[in-house]
Amino acid sequence: MSEAEWMSRDPREEPWPAVDLRLDVPHSARVYDYLIGGKTNFEPDRVAAQASVQAWPALPISMRTTRTFMQRAVRHLTERYGIRQFLDIGTGIPTSPNVHEIAQGIAPETRVAYVDNDPIVLTHARALMSSTPEGRTCYVDADLRDIDSIIDAPQLREVLDLSKPVALSLVAIVHFVLDEDDPQGLVRRLMDELAPGSFLVLTVFTGDTDPVGVGGVGREYNARGIPLQIRDRKETLAFFDGYELLDPGVTLVHHWRPDPDAPEIRDTDIAMYGGVAVKNA
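The structure contained in this document is the topic of the report that follows.

Right, let's talk about helix 9 (residues 183–192) for a bit. Most of helix 9 sits inside the fold, with seven of its ten residues counted as buried. Considered for burial, the residues of helix 9 that qualify are Pro183, Gln184, Gly185, Leu186, Val187, Leu190 and Met191. Turning to helix 9, the residues buried within the fold contact strand 1 (85–89), helix 7 (147–151), strand 4 (167–170), strand 5 (199–205) and helix 11 (233–238).

Under the definition given, this model contains three aromatic pairs. Relative to Trp256, the ring of Phe69 lies with its centre 5.6 Å away and its plane at 80°, an arrangement referred to as edge-to-face. Residue Phe69 is found in helix 4 (residues 59–80), and its partner Trp256 is found in the loop between strand 7 (251–252) and strand 8 (272–278); the two are separated by 187 residues along the sequence. Residue Phe69 shares its accessibility class with Trp256, and that shared class is buried. A ring pair is formed by Tyr81 and Phe199, whose centres lie 5.0 Å apart and whose planes are at 55°; its orientation type is tilted.

Moving on, we come to the side chain of His254. In this structure, His254 sits in the loop between strand 7 and strand 8. A polar contact of 3.2 Å, which involves the side chain of His254, links it to the side chain of His255. The contact partners of His254, leaving out residues within four places of it in the chain, are Thr65, Arg72, Ile265, Arg266, Asp267 and Ile270.

How each quantity is defined
- Residues numbered from 1 in each chain as written.
- Predicted model: local features only at pLDDT ≥ 70, side-chain atom pairs only at ≥ 80, totals over all residues.
- Heavy atoms only, no water.
- Buried < 20%, exposed > 50% of the residue type's maximum accessible area, 1.4 Å probe, protein only.
- Helix = DSSP H or I, 4+ residues; strand = E, 2+ residues; numbered from the N terminus.
- Contact = heavy atoms within 4.5 Å.
- Phe/Tyr/Trp six-rings, centres within 6.5 Å; stacked < 30°, edge-to-face > 60°.
- Polar contact = N/O pair within 3.5 Å; in protein donor to acceptor, adjacent residues only side chain to side chain.

This is the structure we're talking about:
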């Protein structure tokens, strides 16, 4: 979609918040959208993405593989563990299949609350609310760094019952939370709000597989005003402290319960650890 097409859209198509979308600078959600083959991005986003790909050509493979990890995790929790509530933080620009489409395709009564604080995502929120009649979805405009704004949001409370198990999904988001904001502490605070039997689905951007190439991606993002922090395996495991990891534990995302027909992917083409854990008490 071009900038001219964006500005000429019929505002009746989707909610039209009175915010500055800053189409003249790259945005993490739109850069990600470009990398996974989406169309909701603009020239500054494409320039940033292309520079990052030049630094590490496998970046699009890693991003797409991370998204399929999310899909497998949602499917597994819905089918195997009977989870019927999901809290997806860092939703990004809607790209089908979204969490509710996967989960409600298995269990139509599933409820999903989406959370993001990006204006570009808010303008597309209607796509996240196409729930089945049996289920519910909502969108909360809030920041991961402000837990109260998420947990206390009326929309969330109308959709999710926090006295029952919830799967918290934090996929491709914590690398935008710097250490000074204590991302592990934020995750613990969120999980503390959830009932026993809840799950944590989380990925961490890592340079362990290709320190030079992935380091180049980090420099490109940061140079363009998108703070990004790369973490190692030890730092990744810290996010899961106190919870019981499901097999196969924390792995590169393409090794987490891969589908039988999944294409072969080299470890050096993946820069994301992923894991799923349960809160037992």
